[in-house]
Amino acid sequence: TRSWNDANRNFVPDCNLFLPGANAECGAMANPNLGQLGSGATYDPDILEGWGKRATNWEFAAGIRHELLPRVSADVGYFRRWFYGFLATDNLAVGPSDFDRFSMTAPVDPRLPGGGGHVISDLYNLNPAKFGVAANNFVTLADNYGTQSEYWHGIDVNMNARLPNSLVLRGGVSTGRRVTDRCEILVALPEIAPVGSPYCHQADAWMGSTQVKMIASYTIPRIDVLVSGLFQSVPGPMILANYNAPNAEVAPTLGRSLSGGATNVTINIVEPGAMFGDRMNQFDMRVGKTLRVGAARSLLSLDVYNLLNSNAVLTENPAFGRWRQPTNVLQGRLAKISLQFDF
């Protein structure tokens, strides 16, 4: 990557793109090693062999099941998983002192938490004197620079009922959240997070992963008609807000212009895991008729997906200029007729 100042507005970079240094309308390459032969990194011999050198995780699970009524049971489970063995890439060509800290004020927008206008701190920008210096990456254990942690824990609650006349009911709730912390690592190695570490500690909202699912099926006696339905309610997409902060907003707190001749810097002004879109509620249904001819058996079925014709948003545009503009929605109501033979 490199900056480009289209001074004559001809939409063509009037410079020698093969030169890594600044020339004419082009700034210096962020990576002057681009296209050069050679290894992109060296590796600490300590991570290549031995016990406990690879990424690992430990999991604990506990559950209980109880019969509430005849043919009706419930079970509850708790799950927790810890992750270890994190690696870190240290660019030996730069150090923490080569990064200048700054902060910025998020734009005011009623859709933002608290209406926006909050201050985002712990943002970094590489010193201009170090911009374009060839990287000297060294891969080693993150523990050499501080403590990094990550774990996930969650709870499942399920019900299961098998009632007379082939009536089956199942359903439950599943929820959990992920908690990560790499603040100490980012303080020692700010180069692995180019914009800084405002969200080095993240704890996802519980509702961001809570799912509700239920299924029911019933065979109407004598006429052999199967009626079944599936309902699911799952979280909406995680919301990010990537704001292109212009140099004019950054310079007052940074004390200088952005390095590399950059005219703006992209900053996420919403903490990851703090905001989610509207939930997706979907109901599917099947009606099937069993037909018997001698020893042969067939099933004629009508499946209707998204029966309520929900238009839940599945993905959104994270760029603040077109923030939260839907980019993908749930497929509309769909019907399918099928015939299955068993002989």
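Preceding this paragraph is the structure being described.
Residues numbered from 1 in each chain as written. Predicted model: local features only at pLDDT ≥ 70, side-chain atom pairs only at ≥ 80, totals over all residues. Heavy atoms only, no water.

## Considering the overall build of the protein chain
So, step 1. In terms of helices and strands, the protein chain carries 2 helices and 19 strands.
So, step 2. Computed over C-alpha atoms, the radius of gyration of the protein chain comes to 28 Å, more than 25% over the 20 Å expected from 2.2 N^0.38 for 343 residues, which places it beyond the range of a compact globule.
So, step 3. With the principal axes as the frame, the protein chain shows a C-alpha extent of 85 × 55 × 45 Å.
So, step 4. For the protein chain, buried positions account for 33% of its 343 residues.
So, step 5. Per element, the accessible surface of the protein chain, about 20,600 Å² overall, is 58% carbon and sulfur.
So, step 6. Positive and negative side-chain charges in the protein chain, numbering 28 and 29 respectively, have mean positions lying 13 Å apart. (Helix = DSSP H or I, 4+ residues; strand = E, 2+ residues; numbered from the N terminus. Rg over C-alpha atoms; globule rule 2.2 N^0.38 Å. Buried < 20%, exposed > 50% of the residue type's maximum accessible area, 1.4 Å probe, protein only. Areas by Shrake-Rupley, 256 points an atom, 1.4 Å probe, with all protein chains shown as cover. Lys, Arg positive; Asp, Glu negative; His and termini not counted. Charge placed at Lys NZ, Arg CZ, Asp CG, Glu CD.)

## A word on the pattern of salt bridges
So, step 1. One pass over the full model with this rule turns up 11 salt bridges.
So, step 2. For Asp 75, the salt bridge is made with Arg 65, and the minimal N-O distance between the two is 4.0 Å. Note that Asp 75 is positioned in strand 3 (residues 72-84) and Arg 65 in strand 2 (residues 56-69), a separation of 10 residues in sequence.
So, step 3. With a relative accessible area of 65%, Arg 65 lands in the exposed category.
So, step 4. Residue Arg 324 pairs with Glu 316 through a salt bridge whose shortest N-O separation is 2.9 Å.
So, step 5. You can call Arg 324 partly exposed: its relative accessible area is 27%. (Salt bridge = Lys/Arg side-chain N within 4 Å of Asp/Glu carboxyl O.)

## Side note on unusual backbone geometry
As a rule of thumb, non-glycine residues mostly have phi less than zero, and peptide bonds are mostly trans rather than cis.
So, step 1. Positive phi values are uncommon outside glycine, yet Ala 24 reaches one of about 50°.
So, step 2. By the element assignment, Ala 24 lies in the segment before strand 1 (42-43).
So, step 3. Located in the positive-phi region is Asp 122, a residue other than glycine, with phi close to 60°.

## Some remarks on the environment of Pro 198
So, step 1. Relative to the helices and strands, Pro 198 is located in the loop between helix 1 (183-188) and strand 10 (201-203).
So, step 2. Among the residues examined, Pro 198 registers a relative accessible area of 28% and is labelled partly exposed.
So, step 3. Setting aside its immediate chain neighbours within four residues, Pro 198 contacts Ile 120, Ser 121, Asp 122 and Leu 123. (Contact = heavy atoms within 4.5 Å.)

## Side note on the sheet that holds strand 1
So, step 1. The strand order across the open sheet built from 3 strands is 1-7-4, with neighbouring strands paired in mixed fashion. Strands at the two margins of the open sheet, each flanked by one partner only, are strand 1 and strand 4 (87-91).
So, step 2. Judged from the 2 bridges that link them, strand 1 and strand 7 (residues 137-141) form a sheet pairing that is parallel. Bridging across to strand 7, Tyr 43 finds its partner in Val 139. (Pairing = 2+ DSSP bridges.)

## Here's the deal with the side chain of Ser 301
So, step 1. Counting through the fold element by element, Ser 301 comes out in strand 16 (residues 296-305).
So, step 2. Owing to a relative accessible area of 4%, Ser 301 belongs among the buried residues under this scheme.
So, step 3. In this view, Ser 301 contacts Arg 286, Val 287, Gly 288, Lys 336, Ile 337 and Ser 338; residues no more than four positions away in its chain are not counted.

## Here's the deal with the packing of aromatic side chains
So, step 1. Tallied over the entire structure, the rule returns 2 aromatic pairs.
So, step 2. Centre to centre, the rings of Tyr 243 and Phe 320 are 5.7 Å apart; their planes meet at 90°, and the pair counts as edge-to-face. Note that Tyr 243 is positioned in strand 13 (residues 242-246) and Phe 320 in the loop between strand 17 (313-316) and strand 18 (326-329), a separation of 77 residues in sequence. Assigned by exposure class, Tyr 243 and Phe 320 land together as buried.
So, step 3. Feature note: the residues Tyr 243, Phe 320 and Trp 323 constitute an aromatic cluster, connected by ring pairs.
So, step 4. The residue whose ring lies beneath Arg 80 is Tyr 151, and the NZ or CZ to ring-centre distance is 4.3 Å. (Phe/Tyr/Trp six-rings, centres within 6.5 Å; stacked < 30°, edge-to-face > 60°. Lys NZ or Arg CZ within 6 Å of the ring centre and 35° of its normal.)

## Focus on the pairing of strand 8 (residues 149-163)
So, step 1. As paired elements, strand 3 and strand 8 share 12 bridges and run antiparallel to each other. Paired with Phe 79 across the bridge in strand 8 is Gly 154.

## Topic: the state of the cysteines
So, step 1. Counted by the stated rule, this structure contains 2 disulfides.
So, step 2. Each sulfur in the disulfide pair Cys 183 and Cys 200 lies 2.0 Å from the other. Negative torsions about the S-S bond denote left-handed disulfides, and the value of about 85° found for Cys 183 with Cys 200 makes this one right-handed. Residue Cys 183 is found in helix 1, and its partner Cys 200 is found in the loop between helix 1 and strand 10; the two are separated by 17 residues along the sequence.
So, step 3. Among the cysteines of the protein chain that take part in disulfides, numbered as they appear in the sequence, the pairing is 1-2, 3-4. (Disulfide = S-S within 2.5 Å.)

## Things to note about the nonpolar core
So, step 1. Membership of the largest hydrophobic core comes to 21 residues, with the highest contact counts inside it found for Ile 120, Ile 267, Ile 269 and Trp 323.
So, step 2. Elements with a contribution of two residues or more to this core: strand 5 (99-105), strand 6 (119-126), strand 13, helix 2 (247-254) and strand 14 (264-268).
So, step 3. Excluding residues within four positions of it along the chain, Trp 323 makes contact with Arg 111, Leu 112, Ile 239, Leu 240, Ala 241, Val 270, Met 275, Asn 317 and Pro 318.
So, step 4. Ala 88, Ala 142, Ile 185 and Leu 189 belong to the second largest nonpolar core, which has 5 residues in total. (Core = buried A, V, L, I, M, F, W, Y, C linked by side-chain atoms within 4.5 Å.)

Fair warning: the whole summary comes from geometry, so function is off the table for now.
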